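# Survey of secondary and tertiary structure
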Amino acid sequence: MAKKTVKNTVLGLVLLFLYAPVLILCVYSFTDSTMIGSIRHLTLQNYKTLFTTPELLNMIFGTILLALAVSVLSTFLGTIGAIGAFYSGRKRVLELMNQIPVVNADVVTGFSVCILLIIFLHIDRDTYIPMIVGLTSLCTPFVYLSVMPRLAQMDHEIYEAALDLGCTEKTALWKVIIPQLVPGIVSGFMMSVTLTLDDYFICTYTKPAVFDTISTYVINATKGAQTEIKTALWALSAIIFACVCIAVAVMNLSLRNGD
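Overview of the structure.

What counts, and at which threshold
- Residues numbered from 1 in each chain as written.
- Predicted model: local features only at pLDDT ≥ 70, side-chain atom pairs only at ≥ 80, totals over all residues.
- Heavy atoms only, no water.
- Helix = DSSP H or I, 4+ residues; strand = E, 2+ residues; numbered from the N terminus.
- Contact = heavy atoms within 4.5 Å.
- Areas by Shrake-Rupley, 256 points an atom, 1.4 Å probe, with all protein chains shown as cover.
- Lys, Arg positive; Asp, Glu negative; His and termini not counted.
- Charge placed at Lys NZ, Arg CZ, Asp CG, Glu CD.
- 1 Å grid on protein atoms, 1.4 Å probe; cavity = no way out; pocket = protein on both sides within 12 Å on 5 of 7 lines; lining within 4 Å.
- Points joined across faces, edges and corners; volume = space filled by probe spheres on them.
- Nonpolar A, V, L, I, M, F, W, Y, C, P; charged D, E, K, R; others polar.
- Buried < 20%, exposed > 50% of the residue type's maximum accessible area, 1.4 Å probe, protein only.
- Polar contact = N/O pair within 3.5 Å; in protein donor to acceptor, adjacent residues only side chain to side chain.
- Core = buried A, V, L, I, M, F, W, Y, C linked by side-chain atoms within 4.5 Å.
- Patch = residues over 30% accessible without salt bridge, like charges linked within 9 Å, V, L, I, M, F, W, Y side chains within 5 Å.
- Salt bridge = Lys/Arg side-chain N within 4 Å of Asp/Glu carboxyl O.
- Axes fitted to C-alpha atoms, helices over the stretch in contact; angles between N-to-C directions.
- Parallel < 35°, antiparallel > 145°, perpendicular 65-115°, else oblique.
- Left-handed = near helix turned anticlockwise from the far one by under 90°.
- Phe/Tyr/Trp six-rings, centres within 6.5 Å; stacked < 30°, edge-to-face > 60°.

### Concerning the overall build of the chain
Counting secondary structure elements, the chain contains eleven helices and zero strands. Secondary structure elements in the chain, listed N-terminal to C-terminal, are α-α-α-α-α-α-α-α-α-α-α. The principal-axis extent of the C-alpha atoms belonging to the chain is close to 70 × 65 × 30 Å. In the chain, 71% of the contacts between residues at least 6 apart in sequence involve partners at least 24 apart. As presented, the chain carries roughly 15600 Å² of accessible surface, and 69% of it is formed by carbon and sulfur atoms. Counting 16 positive and 16 negative side-chain charges, the chain places the centres of these two groups 8 Å from one another.

### What to know about the layout of surface pockets
Considered as a void within the structure, the largest pocket measures approximately 990 Å³ in volume. Lining the largest pocket are 33 residues, and of these Thr194, Leu197, Ile214, Ile240 and Val244 lie nearest its centre. Looking at side-chain class alone, the lining of the largest pocket contains 25 nonpolar, six polar and two charged residues. Considering only enclosed or pocket space, the second largest pocket measures out at about 250 Å³ in volume. Around the second largest pocket, the lining residues are Leu18, Tyr19, Val22, Leu25, Cys26, Ser237, Ala238, Ile240, Phe241, Val244, Cys245 and Val248. Looking at the lining of the second largest pocket, the elements with two or more residues in it are helix 1 (2-28) and helix 11 (227-258).

### With respect to the side chain of Thr213
With respect to the secondary-structure elements, Thr213 resides in the loop between helix 9 (201-206) and helix 10 (214-224). Taking relative accessible area as the criterion, Thr213 reaches 0% and is therefore assigned buried. A polar contact of 3.0 Å, which involves the side chain of Thr213, links it to the side chain of Ser215. Residue contacts for Thr213: discarding those within four places in its chain leaves Met59, Thr63, Leu66, Asp199 and Cys203.

### Things to note about the nonpolar core
Ala82, Ile83, Val147, Met148, Leu151, Ile177 and Leu181 are the most contacted members of the largest nonpolar core, which totals 17 residues. For this core, the elements supplying multiple residues, two or more each, are helix 3 (54-88), helix 6 (129-153), helix 7 (156-164) and helix 8 (169-198). The element best represented in this core is helix 8, accounting for six residues. Excluding residues within four positions of it along the chain, Ile177 makes contact with Ile83, Tyr87, Leu151, Met154, Tyr159 and Ala172. Counting 15 residues, the second-largest nonpolar core is a separate cluster that includes Tyr47, Leu56, Ile214 and Leu236.

### Re a negative patch on the surface
Among the surface-exposed residues, Asp155, Glu157, Glu160 and Asp164 lie close enough to one another that they form a single negatively charged patch. Along the chain, Glu157 falls in helix 7. Under the relative-accessibility criterion, Glu157 is labelled exposed at 58%.

### A closer look at the packing of helix 4 (residues 91-103) against helix 6
The N-to-C vectors of helix 4 and helix 6 enclose an angle of 135°; their axes lie 9 Å apart at closest approach. The orientation of helix 4 with respect to helix 6, classified from their angle, is oblique. Where helix 4 crosses over helix 6, the handedness of that crossing is left-handed. Residues Lys91, Leu94, Glu95, Asn98, Gln99, Pro101 and Val102 of helix 4 lie in contact with helix 6, whose contacting residues are Ser137, Pro141, Phe142, Tyr144, Leu145 and Met148.

### Notes on the packing of aromatic side chains
Per the stated rule, a full pass over the model turns up seven aromatic pairs. Arranged with centres 5.3 Å apart and planes meeting at 80°, the rings of Phe86 and Tyr87 form a pair that is edge-to-face. Pairing Tyr200 with Phe201 gives two aromatic rings, centres 5.5 Å apart and planes at 70°, and the pair type is edge-to-face. Residue class for Tyr200 comes out partly exposed when judged on its relative accessible area of 25%.

Here it is in structure tokens:
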């Protein structure tokens, strides 16, 4: 009984450490306070400012479109890369190579992409190509890591049976292998969206001068933006946190129902 109490206490403290700052920020997003530390009146003014300021709306929608584009590309590359590595016979070598961009610092990836594409290849930042390439190189390895375990758990005799029954390799891939990888593919896609929304260093080195993602805008806003813009970003943080919680809950319920 005592061990269980200790475990629950430790778990509670860890969860409190992780979520308390975010929950405090969510609470302050419903107040008219201009700084953390004093709660005044409850209000929805921060949310009104968030959804009525063109600058903020353009930044949010631009970031969402970027995240979706990068996530689709990363999911495609990561999925076919995992399938190719699994059946190539060189799985171990390719997995080690995949670990390099995972453990590599974002600032190194962003600076490398900047040097290669912008300085050496003279690709203009305004084309968005350097930013998309940089973010895709960040997200693709995580999709690979999400898909590979599903491949390892899959019953490969089903694929072989499909070939014996007359399916072509392409048909067997789309109708036998891909459906069994859907949970890993979805997880990789959601991870890519999160990484794209969160990344700062790669976007800073590669983004067009007139474009801001949520991460770059928030960092710059803390240096000199108007007070109402800063507090509106509290509301944005609360909305992102709520969306992530809902997405995680829906995914877990879907997987549970599927099992």
